[in-house]
Amino acid sequence: MLEILKDIDSIMYYPILLVVLGFAALYFTLRTRFVQVRHFKESLRIIFEKPSDDRAVSSFQALMVSTASRVGTGNIVGVSTAICLGGPGAVFWMWLLAFFGASSAFMESTLAQIYKKKNKETGGYFGGPAYYIEQALHSKFFAGAFVIFLILTYGVGFNMLCSYNLQSTFIEYSFYDAKITPYIIGAILALLVAVVIFGGGKRIVHITEIVVPVMGILYVVASLIVLFAHASIIPSVVKLVIHDAFNFKAIFSGMAGSCMIYGIKRGLYSNEAGVGSAPNASASADVTHPVKQGLVQMLSVYIDTLLLCSATAIMCLSSGILPSVKLSGAPYVQNALATVFGKFGPIFITAAMILFAFTTLIGNLYYIDNAVAYLNKKKVPGKKTMQFIHLICVLVIFAGAIIPMDAAWALADISMGLMTLINLPACFLLSSTVIKALKDYEQQRQYVEHPVFKAKSINLEGLDCWD
């Protein structure tokens, strides 16, 4: 079974997803005239805007929910695995995917805002790819398929992988017992997540709003300390990354296991640009114009890959510790930190992984709630039904700690790939709508500080929130 999963995984990423991701990211970048560069300063300006209703989810809160899902164990274990198995050049392909992929993040999140729905009971908003696929493309089949793949990805694949990655950080400790420790770690993590999710979705938003920035800052600070300690090596490290990234003989002699494919796989797993996950959080934000949330969501990709993933990669490669298959995962990062922090290095990574895993899991389950609501005729199921679903998710988290590493990665890669193969073509077909909205925003911005969107301004009708 494991070999079948690995074969599907290899074919899906090369050549299918390699072509789809590359074409979409480049196309969106050109059509928006490099929106990720032109409006970077604007995205920073609007990130802290407050919603019109104090009870509504702010643009910043929606960003933190999506970042909580993006920023996680992938920033540590995903980067380490890519380098150890694909080579240092994988880092370059992560950077490239993030830069161009930011335009994909802008497209999907703007679409989620345009086609979002209003919750008449709470006054809040909800939406995501399933909603714009159904309403704009008139395809309930693909909308439903996307939701099912989302549940499999975030409720099963990513949560199992996240749980496995966390327990793997304890391998470096003397007390680790392969037959017992994974069960203990899985049980503790599942219990902690259960305490949060049974408290309700709003609590998830508040927790991630506080924890995500703190954990990101602490991790970057630790990485910078290691970088300064090995500052003289950094130029040669960057040179190594670039050289290995363009070692085409090595790339094409074994494409599926090359630095390019590992960089794309782990980069996509980490920043999720174009996957269709972040739009579910983006739709909940209360903003005056859909483009605002699209611009804000670009920042999540930069935070995740260009900041945190780069911190991990350069820290590891400048530490003097040679990457190897044996060190793949958390051990490589732990050994890198130990060159400066000694025995405290592995402990710090374990603490960071606990925070990363925890916020990733609750961010993922926020998406699950929205997906289940869509399948239930766009209404949140009753309390008992949701408790049952959350219980299953908690059990999956426990199971993830005890499955083999290859199985965890393969399941996550395949389910994520299926989501992407539905979402990106949908974004491509609806790209003209986003371009019109972007032009409307840019025209208004010349005269007012806070542009206001009206559906009729770009010839749209029947929208829940913008008529």
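Here, the structure is the one placed above.
A brief look at the structure comes next. Within any chain, residue numbers begin from 1 and follow the written order of that chain's sequence. In view of the model being predicted, local features appear only for residues whose pLDDT reaches at least 70, and side-chain atom pairs are presented and counted only at 80 or more, with totals across whole chains, interfaces and linings using the full set of residues. Side-chain descriptors were evaluated using all non-hydrogen atoms of the structure, hydrogens and water having been removed beforehand.

This part takes up the nonpolar core. Side-chain atoms within 4.5 Å are what join buried Ala, Val, Leu, Ile, Met, Phe, Trp, Tyr and Cys residues into a set we call a nonpolar core. Each residue gets one of three labels from its accessible area relative to the maximum for its type: buried under 20%, exposed over 50%, partly exposed in between, using a 1.4 Å probe on protein chains only. I76, F106, Y132 and Y219 are the most contacted members of the largest nonpolar core, which has 140 residues in total. Helix and strand definitions here come from DSSP, where helices need a minimum of 4 consecutive H or I residues and strands a minimum of 2 consecutive E residues; each element is numbered from the N-terminal end. Looking at which element gives the most residues to this core, the answer is helix α17 (residues 344-375), with 16 residues. Excluding anything up to four places from it in sequence, F106 contacts T32, V35, V291, G294, L295, M298, V434 and L438. Contacts: residue pairs with any heavy atoms within 4.5 Å of one another.

Both the distance between ring centres and the angle between the ring planes are used here to describe each pair of aromatic rings. Each Phe, Tyr or Trp ring, with Trp reduced to its six-membered ring, pairs with another whose centre is within 6.5 Å; inter-plane angles below 30 degrees give stacked pairs, above 60 give edge-to-face pairs, and intermediate values give tilted ones. In the structure shown here, the tally under the stated rule is 21 aromatic pairs. For the ring pair Y27 and F428, a centre distance of 4.9 Å and an interplane angle of 55° mean the geometry is tilted. In this pair, Y27 sits in helix α1 (residues 2-31) while F428 sits in helix α19 (residues 405-429), placing the two residues 401 residues apart along the sequence. Classification of Y27 by relative accessible area gives partly exposed; the value is 23%. Residue class for F428 comes out partly exposed when judged on its relative accessible area of 35%. Between F453 and W466 the ring centres are 5.4 Å apart and the planes differ by 80°, which places this aromatic pair in the edge-to-face class. With a gap of 13 residues between them, F453 in the segment after α20 (431-445) and W466 in the segment after α20 connect regions that are remote in the sequence. W466 sits in the buried class, given a relative accessible area of 7%. Ring pairing ties together the aromatic residues F23, Y27, F28 and F428, which thus form one cluster.

Further remarks concern unusual backbone geometry. Of note in the backbone geometry, F34 takes a positive phi value of approximately 60° without being a glycine. Relative to the helices and strands, F34 resides in the loop between α1 and α2 (35-38). Of note in this structure, H138 is not a glycine but carries a positive phi near 55°. Within the secondary structure, H138 is located in the loop between α7 (129-137) and α8 (140-168). Residue classification places H138 among the exposed positions, given a relative accessible area of 67%.

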